[in-house]
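Analysis of the macromolecular model
As a plain string of letters, each chain reads:
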Amino acid sequence: MEKKKLQSILAIIAFAAGLMLVVLRLDALLDFAGRLLGLLRPVYLGFALAFVLNRPCQAFYRLYDRGLRHLGASRLSRPLAVVSSYLLLIAVLGVLISFVVPKVVESGQLFAASLSGYLYNLREMAEKLFTYLHVDADFLNRIQIPELTTYLKSALEGLAQGVSNTVLSVVAFTGTLISALVTGLMSVIFSIYMLSGRETLLPQCRRVLRAYVPAKAADAVLDVVHLTAATFTNFVSGQLIEACILGGLCAAGMLFIQADYAPLIGVIIGASALVPVAGAYVGAVLAAFLLVMVSPVKAVIFLVFLAILQQIEGNVIYPRVVGTSIGLPGIWVLTAVTVGGGLFGLPGVLLSVPAASVLYTLLKQDVRRRLARSGS
């Protein structure tokens, strides 16, 4: 028998044996994969952190490199850029914790204190609506607002106490907090290594790929990696910038509509803007629900204001700030969010759009190549 045929037969037998092993031991393999992913959590969390900080780190690196090159100390540019990136991240988190969080807590406490009055307003609005529609509204008179308010407050306090007790129990008996701190610390260390060794790690990965993969396949893989990195970078930076701008402008506008809840509603709108497509509607509904108990007129004014603000932000501010789009049509954005959320929950919602954009771009490029070869 020829050597090539023998090798082919042996390869087929090995593939069949491996496939049979996978089928028979699928549960064990999935369990092993889950444990391996758990052990590698600091690595991919560190990669995610380094990915987010990569753009400001590169900006700081170019700035320091231009200044230190004339002094012969260009080797310090990368460490200074990494330190500056983390200082920027700490400063942003410090601003959020120092200014935004207390205002949000204050608005939440004000809402809880005014809950009884809001419930009275809702009942009055319901009575007027039922009277206008000629519907019997006697059951509304049987609703005791003080008892309902007490029940809602006790339910909220019970929920908060239950969460606190659960957290304390978990920390006391399982050491989850220590594990989380260790994971976070290891993630930061990995991200520092990735950012500081960028010029070494990337060429090493390319060399390994070209050494073990045929040249044509290696070039295709590198093209996909570059496309994926660019798409995810544009998406992450775009969503973060959009959320900050939209939340800030919304909070500023709320100062003229309902100043007490301006920080709270600004945070709601900004956080919901991180979720593509559906986030805008969810944030608008939550904010409008808070305002409708204060005044239905203010809720309507807010919805009109938010609709105008989103149009201005989406058509004027976002393209100028971000500069590029991920290039995915709206119907596919909605499809990606729906499928990603159904399969993987919140991470699927956040990551499905850039992933779908990469697949859409690759499919479009392949279609163009095939049509060009066929002359169509």
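Residues numbered from 1 in each chain as written. Predicted model: local features only at pLDDT ≥ 70, side-chain atom pairs only at ≥ 80, totals over all residues. Heavy atoms only, no water.

Of regular secondary structure, the protein chain possesses 14 helices and 0 strands. Order of helices (α) and strands (β) in the protein chain, N terminus to C terminus: α-α-α-α-α-α-α-α-α-α-α-α-α-α. When each of the 376 residues of the protein chain is scored for burial, the buried share is 25%. If you take every contact in the protein chain between residues at least 6 apart in sequence, the share linking residues at least 24 apart comes to 67%. Carbon and sulfur atoms make up 72% of the accessible area of the protein chain, which totals about 24,800 Å². (Helix = DSSP H or I, 4+ residues; strand = E, 2+ residues; numbered from the N terminus. Buried < 20%, exposed > 50% of the residue type's maximum accessible area, 1.4 Å probe, protein only. Contact = heavy atoms within 4.5 Å. Areas by Shrake-Rupley, 256 points an atom, 1.4 Å probe, with all protein chains shown as cover.)

Let us now look at the packing of helix H2 (residues 26–39) against helix H3 (residues 41–68). Helix-helix packing: each pair is described by the crossing angle between the helix axes and the interaxial distance. It is the contact of H2 with H3, at a shortest axis distance of 4 Å, that shows an interaxial angle of 55°. The angle between the axes of H2 and H3 places the two elements in the oblique class. Mapping the contact onto sequence places Leu37, Gly38 and Leu39 in H2 and Arg41, Pro42 and Tyr44 in H3. When grouped by side-chain class, the residues that make up the contact of H2 with H3 number 4 nonpolar, 1 polar and 1 charged. (Axes fitted to C-alpha atoms, helices over the stretch in contact; angles between N-to-C directions. Parallel < 35°, antiparallel > 145°, perpendicular 65-115°, else oblique. Nonpolar A, V, L, I, M, F, W, Y, C, P; charged D, E, K, R; others polar.)

Burial analysis of helix H11 (residues 262–272) places 8 of its 11 residues in the buried class, which makes it a mostly covered element. Within H11, the full set of buried residues consists of Ala262, Leu264, Ile265, Gly266, Ile268, Ile269, Gly270 and Ser272.

This paragraph deals with the layout of surface pockets. Size it by volume and the largest pocket reaches roughly 1,400 Å³. Of all the elements in the fold, those that place two or more residues in the lining of the largest pocket are H3, helix H8 (176–196), helix H9 (198–212), helix H10 (215–254) and helix H14 (330–374). The element best represented in the lining of the largest pocket is H10, accounting for 13 residues. Tallied by class, the residues present in the lining of the largest pocket amount to 28 nonpolar, 5 polar and 3 charged. In this structure, the second largest pocket occupies an estimated 1,200 Å³ of space. Together, 32 residues line the second largest pocket, and Val92, Leu96, Leu240, Ile241 and Cys244 are the ones closest to its centre. (1 Å grid on protein atoms, 1.4 Å probe; cavity = no way out; pocket = protein on both sides within 12 Å on 5 of 7 lines; lining within 4 Å. Points joined across faces, edges and corners; volume = space filled by probe spheres on them.)

So, on to the packing of H3 against H10. In contact at an axis separation of 11 Å, H3 and H10 are set at 80° when each is read in the N-to-C sense. With respect to H10, the axis of H3 lies roughly perpendicular. Of the residues in H10, those in contact with Phe51, Val52 and Arg55 of H3 are Ala229, Phe232, Thr233, Asn234, Val236 and Ser237. When grouped by side-chain class, the residues that make up the contact of H3 with H10 number 5 nonpolar, 3 polar and 1 charged.

With that settled, consider the confidence of the model for the protein chain. Averaged over all residues, the pLDDT of the protein chain is 75; the fraction at 70 or higher stands at 74%. The model gives residues 170–174 a pLDDT under 50, and that stretch makes 4 contacts with residues more than four places away or in other chains. (pLDDT = per-residue confidence, 0-100.)

As a further point, take the pattern of salt bridges. Counting across every chain of the model gives 4 salt bridges. Salt-bridge contacts for Asp31 lead to Arg35; the nearest nitrogen and oxygen are separated by 3.4 Å. Separated by 4 residues within a single helix, Asp31 and Arg35 lie in helix H2, roughly one turn from each other. The class of Arg35 is exposed, set by a relative accessible area of 52%. Note that Arg210 and Asp219 form a salt bridge whose closest N and O atoms lie 3.0 Å from each other. Each of Asp366, Arg369 and Arg370 takes part in salt bridges that share partners, so that together they form one network. (Salt bridge = Lys/Arg side-chain N within 4 Å of Asp/Glu carboxyl O.)

A few words now on the side chain of Thr231. Here Thr231 is to be found in helix H10. Residue Thr231 is classed as buried on the basis of its relative accessible area of 7%. Reaching out from Thr231, the side chain makes a polar contact with the backbone oxygen of Leu227 at a distance of 2.8 Å. (Polar contact = N/O pair within 3.5 Å; in protein donor to acceptor, adjacent residues only side chain to side chain.)

Moving on to the environment of Thr233. Checked against the element boundaries, Thr233 lands in helix H10. Residues Thr233 and Asn54, spaced 179 residues apart in sequence, show a C-alpha to C-alpha distance of 9.0 Å. Non-local contacts of Thr233, meaning those with residues more than four positions away in its chain, are made with Phe51 and Arg55.

This part covers a nonpolar patch on the surface. There is a patch of nonpolar side chains on the surface, built from Leu88, Val92, Leu93, Leu96, Ile97, Val101 and Val105 and spanning about 580 Å² of accessible area. Counting through the fold element by element, Leu93 comes out in helix H4 (residues 77–113). A relative accessible area of 44% means that Leu93 is categorised as partly exposed. (Patch = residues over 30% accessible without salt bridge, like charges linked within 9 Å, V, L, I, M, F, W, Y side chains within 5 Å.)

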